[in-house]
Structure formats: C-alpha cells, structure tokens
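# Notes for the structure review
Listed below are the residues making up each chain.
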Amino acid sequence: YNSDTVDTLQRETRANVICLSSSLDSQISIDAAVGNTYGGAMTTAVLNVLSKNNNISWRSLIQKIRDILLHQNNRKQTPQISSGRPNFIDQNICI
C-alpha cells in the first residue's frame, strides 16, 4: 500500500511525465455518485483532495486518494502513480 516500486530497467524520460491510474491492471475502476451526477471514483477523490490541499506532494495525493477509495469501496480499486523520473514523488504538485 505505501511502498514504492522502481523499475531499474527503464530509462529516465526527458520530460517530467506523471501518470495517475485509477486501479491496478487486475482491477476495475468504479463510478461514484455525487448528487445526481456520476463520474469516476478516483476523479472525484482527486478533486476532493486538491480542493482541500493547495500545497500537497504527489505521494500525499496518492495516499489520500487511496484512503478515500478504501473507505468508499473496500479497496476494490487501488490507484497507481508512475513517472519517467524516479525522484518526483515527494515534489509538490503545481497546478
């Protein structure tokens, strides 16, 4: 849950590319209802976390998203984060 996996066989990318995925490859992403509007559960969690935290690192973001989804759907969906640069995880998000 809180461990990092680094693929040492891959080379670093030139650009700072960060990918958020809503679940593991073996899982299905779940929809969330907010009032009468449906959307992705992870998208809803991301917007919720960012609206309350304007100074947050990528690590904190993914941990908070996982915590929200764990309480909402009993860990049927585990969001992932990956990047072409290994040292990005503790940098603050700049939007």
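Note that the structure is predicted; figures quoted are calculated from it, not measured.

Conventions used here
- Residues numbered from 1 in each chain as written.
- Predicted model: local features only at pLDDT ≥ 70, side-chain atom pairs only at ≥ 80, totals over all residues.
- Heavy atoms only, no water.
- Helix = DSSP H or I, 4+ residues; strand = E, 2+ residues; numbered from the N terminus.
- Buried < 20%, exposed > 50% of the residue type's maximum accessible area, 1.4 Å probe, protein only.
- Areas by Shrake-Rupley, 256 points an atom, 1.4 Å probe, with all protein chains shown as cover.
- Core = buried A, V, L, I, M, F, W, Y, C linked by side-chain atoms within 4.5 Å.
- Contact = heavy atoms within 4.5 Å.
- Polar contact = N/O pair within 3.5 Å; in protein donor to acceptor, adjacent residues only side chain to side chain.
- Expected span 1.5 Å × (residues − 1).
- Arc of directions from axis to C-beta.
- Pairing = 2+ DSSP bridges.

On a plain count of helices and strands, the chain comes out with two helices and four strands. Starting at the N terminus and walking to the C terminus, you meet the elements of the chain as β-β-β-α-α-β. Across the 95 residues in the chain, those meeting the buried criterion constitute 26%. Looking at the chain as shown, the accessible area adds up to about 6900 Å², and 48% of this sits on carbon and sulfur atoms.

Glancing now at the nonpolar core. Counting residues in each nonpolar core, the largest one holds 16 residues, and the members touching the most others are Trp58, Leu61, Ile65, Leu69 and Ile81. Of all the elements in the fold, those that place two or more residues in this core are α1 (41-52) and α2 (58-73). Ignoring anything within four residues of it in the chain, the contact list for Leu61 reads Leu20, Val49, Leu50, Ile56 and Ile93.

By secondary structure assignment, the location of Gln77 is in the loop between α2 and β4 (80-83). Among the polar contacts listed, one links the side chain of Gln77 to the backbone nitrogen of Ile30, at a separation of 2.9 Å. In contact with Gln77, other than residues within four places in its own chain, are Ser22, Ser23, Gln27, Ile28, Ser29, Ile30, Ala41, Met42 and Leu69.

Each α-helix winds once per 3.6 residues, and so residues spaced three or four apart point in a common direction. Over its twelve residues, α1 extends 17 Å from the first C-alpha to the last, a length consistent with the 16 Å expected when each residue adds 1.5 Å. Regarding α1, the residues found buried are Ala41, Met42, Ala45, Val46 and Val49. Mapping the buried residues of α1 onto a view down its axis gives an arc of 130°, with all of them on the same face. Across from the buried face of α1, at angles greater than 90 degrees, the exposed residues are Leu47 and Ser51.

What follows covers the pairing of strand β3 (residues 37-40). The sheet contact formed by strand β2 (residues 31-34) and β3 spans four bridges and is antiparallel. For Ala32, the partnering residue across the bridge sits in β3 and is Gly39. Taking the residues between adjacent antiparallel strands as the criterion, β2 and β3 are bridged by two residues, where Gly35 takes a positive phi near 65°.

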